[in-house]
Amino acid sequence: MLTVALSALRTRWATFLGSFVALALAVGLLTTMGLGLGSTFDAPERAPQRFAASPVVVRGTDTLTVDGSRPQKLAHPHPVDAALVTELRKLGEVSADGQPDAVGVDAPADRVRAVVGDRAQVLTGDDRRLADPEPRRDAEALVTLNALLGTAGGVTTFVSVFVVASTFAFAVALRRREIGLLRTAGATPGQVRRLLLADAAGVGVLASAAGCALGAVGAPWLARLLVDGGVAPEWFAIKEGLLWPFHLAFWTGLLVALGGAFAASRRAGRIGPVEALRDADVDQGVLPLGRRLAGAALLLTGGGLLVWTLATDPSELLKRKTYTTQPMLLITAAALLSPLLVRPVARALRPPGATGTLVRENTAASLRRTAAVAAPVLVTVALAGSLLGSAATVTESKAAEAREQTSAHYVATGERLTPRAIPGAVVSATKSTAVYVREDGRALIRTDARAVTDPAAFAEIARLPVVAGDIRDLDDGSIVVNEEWERHTVGERVTVRLGDGRPVTLRIAAVLATGTGNNGAYLTAVHAKGVPVDRIDVRATGGGHEAVAAAGQALRASGGTVRTADAWADATHPRTSPKTRLGLLLVLGIALVYTAIGLANTLLMATSVRRGELDTLRLTGAVRSQILRVVAGESLLAVTVGAVLGATVAAVNLSALGAALASLSAPVEVTVPWAVVGSATGACALVAVVAGVLPAWRLTRR
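Residues numbered from 1 in each chain as written. Predicted model: local features only at pLDDT ≥ 70, side-chain atom pairs only at ≥ 80, totals over all residues. Heavy atoms only, no water.

Things to note about the overall build of the chain
Logical step 1: Regarding its fold elements, the chain presents 22 helices and 16 strands.
Logical step 2: Every one of the 702 residues in the chain was classed for burial, and the buried ones make up 50%.
Logical step 3: With an accessible surface of roughly 31,300 Å², the chain has 60% of that area assigned to carbon and sulfur atoms. (Helix = DSSP H or I, 4+ residues; strand = E, 2+ residues; numbered from the N terminus. Buried < 20%, exposed > 50% of the residue type's maximum accessible area, 1.4 Å probe, protein only. Areas by Shrake-Rupley, 256 points an atom, 1.4 Å probe, with all protein chains shown as cover.)

Looking at the packing of aromatic side chains
Remark: the centre distance and the inter-plane angle together describe each pair of aromatic rings, the angle taken between the planes.
Logical step 1: Enumeration over the complete set of coordinates arrives at 2 aromatic pairs.
Logical step 2: When the ring of Phe-250 is compared with that of Trp-251, the centres are 5.1 Å apart and the planes differ by 85°; the resulting orientation is edge-to-face.
Logical step 3: We classify Trp-251 as partly exposed; its relative accessible area is 47%.
Logical step 4: With a centroid separation of 5.2 Å and an interplanar angle of 35°, the aromatic rings of Phe-458 and Tyr-522 are classed as tilted. Note that Phe-458 is positioned in helix α16 (residues 455-461) and Tyr-522 in strand β14 (residues 521-524), a separation of 64 residues in sequence. (Phe/Tyr/Trp six-rings, centres within 6.5 Å; stacked < 30°, edge-to-face > 60°.)

Topic: unusual backbone geometry
Comment: phi is negative for the bulk of residues other than glycine, and the bulk of peptide bonds are trans.
Logical step 1: Despite not being glycine, Ser-665 has its phi angle at roughly 60°, a positive value.
Logical step 2: Summarising the element assignment, Ser-665 is placed in the loop between α21 (624-663) and α22 (674-699).
Logical step 3: Under the relative-accessibility criterion, Ser-665 is labelled partly exposed at 49%.

As for the environment of Gly-153
Logical step 1: Along the chain, Gly-153 turns up in helix α5 (residues 133-173).
Logical step 2: Look at Gly-153 and you get buried, because its relative accessible area is 14%.
Logical step 3: Sequence separation between Gly-153 and Leu-30 is 123 residues, and the spatial gap between their C-alpha atoms is 6.9 Å.

Some words on the environment of Gly-501
Logical step 1: Looking at where Gly-501 falls in the secondary structure, it is placed in the loop between β12 (493-497) and β13 (503-512).
Logical step 2: Taking relative accessible area as the criterion, Gly-501 reaches 10% and is therefore assigned buried.
Logical step 3: For the pair Gly-501 and Thr-65, spaced 436 residues apart in sequence, the C-alpha to C-alpha distance is 8.9 Å.
Logical step 4: Beyond its immediate sequence surroundings of up to four residues, Gly-501 is in contact with Leu-64 and Leu-74. (Contact = heavy atoms within 4.5 Å.)

Focus on the packing of helix α20 (residues 611-619) against α21
Logical step 1: Relative to each other, α20 and α21 sit at 135°, their axes nearing to 10 Å. The orientation of α20 relative to α21 falls into the category oblique. Here α20 runs over α21; the crossing is right-handed. Between α20 and α21, the residues in contact are Leu-614, Leu-617 and Arg-618 and Arg-624, Ile-627 and Val-631, respectively.
Logical step 2: For the contact of α20 with α21, the class distribution of residues is 4 nonpolar, no polar and 2 charged. (Axes fitted to C-alpha atoms, helices over the stretch in contact; angles between N-to-C directions. Parallel < 35°, antiparallel > 145°, perpendicular 65-115°, else oblique. Left-handed = near helix turned anticlockwise from the far one by under 90°. Nonpolar A, V, L, I, M, F, W, Y, C, P; charged D, E, K, R; others polar.)

Quick notes on the pattern of salt bridges
Logical step 1: Applying the stated criterion to the full structure yields 15 salt bridges.
Logical step 2: Note that Glu-87 is salt-bridged to Arg-119, the shortest N-O span being 3.3 Å. Here Glu-87, found in helix α3 (residues 82-89), pairs with Arg-119, found in the loop between α4 (109-116) and β6 (121-124); they are 32 residues apart in sequence, far enough to count as distant.
Logical step 3: With relative accessibility at 35%, the residue Arg-119 sits in the partly exposed group.
Logical step 4: Its salt-bridge partner being Glu-316, residue Lys-319 comes within 3.2 Å of it at the nearest N-O pair.
Logical step 5: Judged by its relative accessible area of 44%, Lys-319 is partly exposed.
Logical step 6: Its relative accessible area of 24% is what places Glu-316 among the partly exposed residues. (Salt bridge = Lys/Arg side-chain N within 4 Å of Asp/Glu carboxyl O.)

A look at the sheet that holds strand β5 (residues 102-106)
Logical step 1: Within the open sheet, the 4 strands sit side by side as β4-β5-β1-β6. Their pairing is antiparallel. The open sheet has two free edges, formed respectively by β4 (93-95) and β6, since each of these has just one partner strand. Direction aside, neighbouring strands of the sheet carry axes that sit 30° apart on average.
Logical step 2: Two elements, β4 and β5, share 3 bridges in a ladder whose sense is antiparallel. (Pairing = 2+ DSSP bridges.)

Overview of helix α14 (residues 353-365)
Logical step 1: Taking 1.5 Å per residue, 13 residues should reach 18 Å; α14 reaches 18 Å between its end C-alpha atoms and fits that length.
Logical step 2: Among all positions in α14, only Gly-356, Val-359, Arg-360, Asn-362, Thr-363 and Ala-364 are buried.
Logical step 3: Packing partners of the buried residues in α14 comprise α13 (338-348), α15 (367-404), α20 and α21. (Expected span 1.5 Å × (residues − 1).)

Some remarks on the nonpolar core
Logical step 1: Membership of the largest hydrophobic core comes to 65 residues, with the highest contact counts inside it found for Leu-145, Leu-226, Ile-331 and Leu-383.
Logical step 2: Looking at this core, the elements that each hand over two or more residues are α5, α7 (189-228), α12 (327-336), α13, α15, α19 (578-608), α21 and α22. (Core = buried A, V, L, I, M, F, W, Y, C linked by side-chain atoms within 4.5 Å.)

Here we look at the side chain of Ser-315
Logical step 1: Among the structural elements, Ser-315 can be located in the loop between α10 (289-312) and α11 (320-325).
Logical step 2: Here Ser-315 is in contact with Glu-484, Thr-514 and Leu-664, once residues within four sequence places are set aside.

So, the confidence of the model for the chain
Logical step 1: Summing up the model confidence of the chain, the mean pLDDT is 82 and the portion of residues at 70 or higher is 87%.
Logical step 2: Taken element by element, the predicted model of the chain shows its lowest mean pLDDT in helix α1 (residues 2-11) (51) and its highest in β14 (96). (pLDDT = per-residue confidence, 0-100.)

Details of the side chain of Ser-478
Logical step 1: Note on placement: Ser-478 falls in strand β11 (residues 478-482).
Logical step 2: When its relative accessible area of 0% is taken as the criterion, Ser-478 is described as buried.
Logical step 3: A distance of 2.8 Å separates a polar atom in the side chain of Ser-478 from the backbone nitrogen of Asp-475.
Logical step 4: Ignoring anything within four residues of it in the chain, the contact list for Ser-478 reads Asp-473, Leu-506, Arg-507, Ala-509 and Leu-523. (Polar contact = N/O pair within 3.5 Å; in protein donor to acceptor, adjacent residues only side chain to side chain.)

Thoughts on the pairing of β14
Logical step 1: The alternating pattern of β14 places Ala-521 and Leu-523 and Tyr-522 and Thr-524 on opposite faces, both of which are buried.
Logical step 2: The pairing of strand β9 (residues 443-452) with β14 spans 4 bridges and is parallel. The partner of Ala-449 across the bridge, within β14, is Ala-521.

Things to note about a nonpolar patch on the surface
Logical step 1: Together, Val-668, Val-670, Val-672 and Trp-674 give the surface a local cluster of nonpolar side chains, amounting to about 390 Å² of exposed area.
Logical step 2: Tracing the sequence through the fold places Trp-674 in helix α22. (Patch = residues over 30% accessible without salt bridge, like charges linked within 9 Å, V, L, I, M, F, W, Y side chains within 5 Å.)

Points about α3
Logical step 1: All buried positions along α3 are accounted for by Leu-84, Val-85 and Leu-88. Summarising the axial view, the buried residues of α3 lie within an arc of 100°, below the 170-degree limit, and thus occupy one face. Facing away from the buried side of α3 by more than 90 degrees, the exposed set consists of Ala-82 and Arg-89.
Logical step 2: Against β1 (56-59), β4, β5 and α4 lie the buried residues of α3.
Logical step 3: Where α3 begins, the capping side chain belongs to Asp-81, and its oxygen is found 3.1 Å from the backbone nitrogen of Ala-83. (Arc of directions from axis to C-beta.)

Considerations on the packing of α13 against α15
Logical step 1: For the pair α13 and α15, interaxial distance at closest approach is 9 Å and the crossing angle is 100°. For the element pair α13 / α15, the angle class is roughly perpendicular. For the pair formed by α13 and α15, the contact residues are Ser-338, Pro-339, Val-342 and Arg-343 on the first element and Leu-367, Thr-370, Ala-371 and Ala-375 on the second.
Logical step 2: Across the contact of α13 with α15, the residue classes tally to 5 nonpolar, 2 polar and 1 charged.

Given below as structure tokens:
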């Protein structure tokens, strides 16, 4: 068997090279993502800067915990009050930098703790850096980066594992005639399986090792790309000494290679010698029972999960973690079942002329080759449509929702605005705050809120999606909540914690629809004393365009940035944030590059064994240019089949998202990223044509 394996390596070098390249790049991507993800777990240790000269730092309380609940960051942290500062001055020198949240104290720590008690936090040693703004910013930056790399790593793993497994299985399928000859010569099924697994193990070990080396080089490049794109902070770099990403990537690559070859080798070993030779010429049984069952199970699971989520909690579909992971089930199901779908779709697409007929029939007959080409295209198009389409749909709907919820002509925003009465106009000033409520008996839930200075003006100018009650009933003893709250019955009293942590019991005056998740709570400004006004809505009550322009001009005296309501919605609710778009494009770029490589490998392997078929076409009278057009047409048709299937999966996901928005009483702004989907499909088509025509051109030189 060793001699046979070496002979196969010499004669089928293109097949082995394609498998090697696919696996090495997959392991390289996994290593790169693993190293990047491992570097986001801890922020860099920084020395205290703000109060470096003070041995003790006293910081006001900035978190809220109720009866052992998980701490929540206060919207309005407590300052170190003047009375406490006076007491601290008796212990030693007190340093202040003008910010009320913390002071430095030159005194023994135990004496400071005795004075402070539970009125504030006492920080010593390296913990003093917690009073600096950088640790919080570093932690927030790492959370965002961790989510991005986690998503990218998941998508990368999904795409690369699928393509590698398909590549190894297809490589075994290309050796059907060789397997038939071995069975005819007396090889047992066990010997055939051991031969194929030995080949896969050899390629898997070498390719995985090469991929780990490639990932070690690619990880620093990824870190620089993230820093240059503004996604990662400037200090972000790949940590030294991380070993688990290498182990994870190496063993994953080897197991995927063996798994892909094992399933195909079992099928190959079970068939008889004559059947193997016959199957080498005609594609039969291209979708074994195990793959059918797996595809059907994933299809039912993905579809059932969509329906269940729509029926029970449609707002879950609007969350980034959901719309970037849940589509994977339907995409995988469609990819597994693609051999069943290829033939009807290929026959439905009718290229013109005699060449087109030959292309269509060849594509429909060569199911293994067509499915191997269509599947990675399906995955890429479905990912592009689902990920970018979902992100754009959610942000478009949020922007439309924000615009619909105010009848203002102008909106002023800023950190400290000064409300002024404007003749002939309604002026509504509000403040940013938050409320905290216990749900499920333990969880402390934060809800962003707005504090209203004039409830009557607010009720006149706001257009909130009220499902129960009336916002005109809002007063100092009430609150407006949304349907996401555990308790949301009008007239019911609910105990909440305000933005500074103070408890208060309020009556529910009105209930809002859940919407896109931006419908927070509303209460009066008496519950946010000391918080500056940061938004003013103004609507002219009459007089046409001149009165509207005059109201806008008068609003500028309040300070801040004054925009029309449409311009405000565009500015404060961007279609997709640059960081989010860059992150999604990074994920899709990785998937597209790997798909292109998988396509090239598959077509190079497939075309390299078609010498007999191409020679037959020459003998029947086809000239070389016609043969090349047939090969190019087959590649294009296979890519088109994959694009159609991928677009169908993306349409299902986006339709479910639109249904979720409609059920939440939110504007439905389904957005399809045509440019990205078209570019991805065009790139796949170009790679497929080149990878198919070049080996065919070489084989038809005689």
